[in-house]
Amino acid sequence: MVEPMSNKEKAIAFLKMAGSGEVQAAYSKFVSFSFIHHNQYFKGDRNSLLQAMEEAHVSSPNKFIEIKKVYADGDTVITHSLVVKKDMDIAVVHIFRFEGEKIVELWDLGQILDKDSPNKNGAF
């Protein structure tokens, strides 16, 4: 018997699929139709963020995403990831809220990494 995925595993799978351009499939599998998000650059509905993610993949695709840390508490999962693009590296924190089996709410916070940062501890 196959064990059901934990919310941590779902968050990771969503990020990896969406981050590699499988945005529609990631949304179909993991995101509720009543999903909302808090990204300040787009309307707060499911379709607006889905479209923005698809457009971002076309205009500036990720080379890869590496999930560095994952934390879960109840229905909330937090990831801390490195997103590498052609022209920049970004540290990203995603906060997922689940209801049942699906993601119903998302916050995402990103910081472009300065290659000449004086902080030798780095972002991770």
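First, a word on scope: everything that follows refers to the structure included in this document. (Residues numbered from 1 in each chain as written. Predicted model: local features only at pLDDT ≥ 70, side-chain atom pairs only at ≥ 80, totals over all residues. Heavy atoms only, no water.)

**Comments concerning the pairing of strand E2 (residues 62–73)**
Looking along a regular strand, one sees side chains alternate from face to face of the sheet. One ladder, built from 10 bridges, connects E2 with strand E3 (residues 76–85); its direction is antiparallel. Bridge assignment links Ile67 to a residue of E3, and that residue is Ser81. Count of turn residues in the E2/E3 antiparallel hairpin: 2 residues, of which Gly74 carries a positive phi of about 60°. (Pairing = 2+ DSSP bridges. Helix = DSSP H or I, 4+ residues; strand = E, 2+ residues; numbered from the N terminus.)

**Regarding the environment of Val58**
Within the secondary structure layout, Val58 lies in helix H3 (residues 46–59). Along the sequence, Val58 and Gly21 sit 37 residues apart, while their C-alpha atoms lie 8.3 Å from each other.

**Describing H3**
The terminal C-alpha atoms of H3, which comprises 14 residues, lie 20 Å apart, in line with the 20 Å expected from a rise of 1.5 Å per residue. Taken together, the buried positions of H3 are occupied by Arg46, Ser48, Leu49, Leu50 and Ala52. Looking at the buried positions of H3, the neighbouring elements they touch are helix H2 (23–30), strand E1 (31–37) and strand E5 (102–112). N-cap assignment for H3: the residue whose side-chain oxygen lies 3.2 Å from the backbone N of Asn47 is Asp45. (Expected span 1.5 Å × (residues − 1). Buried < 20%, exposed > 50% of the residue type's maximum accessible area, 1.4 Å probe, protein only. Contact = heavy atoms within 4.5 Å. Polar contact = N/O pair within 3.5 Å; in protein donor to acceptor, adjacent residues only side chain to side chain.)

**What to know about the sheet that holds E3**
The mixed open sheet is built from 5 strands, whose spatial order is E1-E5-E4-E3-E2. This sheet does not close on itself; its edge strands, each paired only once, are E1 and E2. Ignoring strand direction, the axes of neighbouring strands in this sheet form an average angle of 25°. Contacts between helix H1 (residues 7–19) and the sheet are confined to E1, E2, E3, strand E4 (89–99) and E5, with E2 contributing the most and set at about 165° to the helix. In the packing of H2 onto the sheet, contacts are made with E1 and E5, and the angle to E1 comes to roughly 105°. (Axes fitted to C-alpha atoms, helices over the stretch in contact; angles between N-to-C directions.)

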